[in-house]
Amino acid sequence: MKGLLIGLGVVVLLVLILGGSLMGYRNNLVTEQEAYKAQWQQVDVALQRRLDLIPNLVETVKGFAKQELAVTDSVTQARAAMMGAKTPAERIAANNQLEGALGRLFVIVENYPQIKSNENFMRLQDELAGTENRIAVERRKYNEALQQYNVDVQQFPKNIAASMFGYQRDNAYFGADAGAKEAPKVKF
């Protein structure tokens, strides 16, 4: 009888230890999931700041380069797509479209020296450059938080808790554009 009670006590103790560990892993996953979601909100704030600057920038360019409406329209359409995107994956895709359109806009600016001499345009361009830096920093932090979560969802023994409680890998990473892997060509 005494041996049975000791055996039962050991089993109960093991169940409590394993259950406690399982709950600890679950709580860790909850914390990491909330961390990457909060970091996404920081990315979203920086992206919204850029979206707020773009209409002023486009209007300034339109004032000087009326014949370049196709490019300014593409920036406006890309901004609208960005504002309509709901999920992180949609926002990332729309952001890539917007970055391409802004790149084309700045190529136009190079062709119009009078735009570059406009004080309002220069201030907007500086604000946009600062915002782009903030976006880069927030993207990096978001990717790091998401990576930590994804690692824990897949690593043993946390993967057991993840599968039991419905946590899944999230692949909404920011990555480099396809064209970013090629070095720019300089010709004289």
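Read on for a plain summary of the structure. Quick caveat, the model's predicted, so the values are computed rather than measured.

### Re the overall build of the protein chain
Move 1: Of regular secondary structure, the protein chain possesses six helices and zero strands.
Move 2: Counting from the amino terminus, helix and strand elements in the protein chain follow one another as α-α-α-α-α-α.
Move 3: When the backbone C-alpha atoms are referred to their principal axes, the protein chain occupies close to 95 × 35 × 25 Å.
Move 4: For the protein chain, with 188 residues in total, the buried portion stands at 32%.
Move 5: Across the protein chain, the fraction of contacts at a sequence separation of at least 24, relative to all contacts at a separation of at least 6, is 75%.
Move 6: Roughly 11,600 Å² of accessible area belongs to the protein chain as shown, and the carbon and sulfur atoms make up 59% of that amount.
Move 7: Of the side chains in the protein chain, 22 bear a positive and 20 a negative charge, and the two mean positions are spaced by 4 Å.

### Topic: helix α6 (residues 158-165)
Move 1: Turning to α6, its buried residues are Lys158, Ala161 and Ala162. Within α6, the buried residues cover an arc of 100° as seen down the axis, which keeps them to one side. What points out from α6, more than 90 degrees from its buried face, is the exposed set Ser163 and Met164.
Move 2: Close packing links the buried residues of α6 with α1 (2-64) and α5 (119-154).
Move 3: Following α6 by one or two positions, Gly166 adopts a phi angle in the positive range, close to 80°.

### Notes on the nonpolar core
Move 1: Ranked by size, the top nonpolar core spans 40 residues in total, and within it Ile54, Val75, Leu105 and Tyr142 carry the most contacts.
Move 2: Residue assignment for this core shows that the elements contributing at least two residues are α1, α2 (69-84), α3 (88-111) and α5.
Move 3: Take this core: its biggest share by element is 12 residues, from α1.
Move 4: Residues within four places of Ile54 in sequence aside, it is in contact with Val75, Arg79, Leu98 and Leu102.

### Let's talk about the packing of α2 against α3
Move 1: Viewed as axis vectors pointing N to C, α2 and α3 meet at an angle of 160°, and their least axial separation amounts to 8 Å. When the axis of α2 is compared with that of α3, the two are roughly antiparallel. Read as a crossing pair, α2 and α3 show a hand that is left-handed. On the side of α2, the interface is formed by Val71, Thr72, Ser74, Val75, Ala78, Arg79, Ala81, Met82 and Met83, while α3 contributes Arg91, Ala94, Asn95, Gln97, Leu98, Ala101, Leu102, Arg104, Leu105 and Ile108.

### Regarding the side chain of Thr131
Move 1: Along the chain, Thr131 turns up in helix α5.
Move 2: Exposure remark for Thr131: the relative accessible area of 0% places this residue in the buried category.
Move 3: If we skip the residues at most four places from it in the chain, Thr131 touches Ala46, Arg49, Arg50 and Leu53.

Cut-off values and rules
Once a new chain begins, its residue numbering starts again from 1 and follows that chain's sequence as written. Local features in this predicted model are restricted to residues whose pLDDT is 70 or higher, and side-chain atom pairs enter the listing and the counts only when it is 80 or higher, whereas totals over whole chains, interfaces and linings include all residues. Hydrogens and waters are ignored; side-chain quantities use all the structure's heavy atoms. Runs of E in the DSSP output that reach at least two residues are strands. Runs of H or I that reach at least four are helices, and both are numbered from the N terminus. When accessible area is computed with a 1.4 Å probe and restricted to protein chains, residues below 20% of their type maximum are described as buried, those above 50% as exposed, and intermediate ones as partly exposed. Note on definitions: a residue-residue contact is assigned when non-hydrogen atoms from the two residues lie within 4.5 Å. Reported accessibility uses the Shrake-Rupley method at a 1.4 Å probe radius. Residues are deemed covered only where the shown protein chains occlude them. Only four residue types enter the charge count: Lys and Arg as positive, Asp and Glu as negative, with His and the chain ends excluded. For this purpose, a charge sits on NZ of Lys, CZ of Arg, CG of Asp or CD of Glu. Working note: the arc is built from the helix axis to C-beta atom directions. Take the buried Ala, Val, Leu, Ile, Met, Phe, Trp, Tyr and Cys residues and link them wherever side-chain atoms come within 4.5 Å; each set so joined is a nonpolar core. Here the axes come from fitting lines to C-alpha atoms, over the contacting stretch only for helices, and the angles between their N-to-C directions go from 0 to 180 degrees. Working definition: roughly parallel below 35 degrees, roughly antiparallel above 145 degrees, roughly perpendicular at 65 to 115 degrees, and oblique for all remaining angles. We call a crossing left-handed when the near helix sits turned anticlockwise from the far one by less than a right angle, and right-handed when that turn is clockwise.

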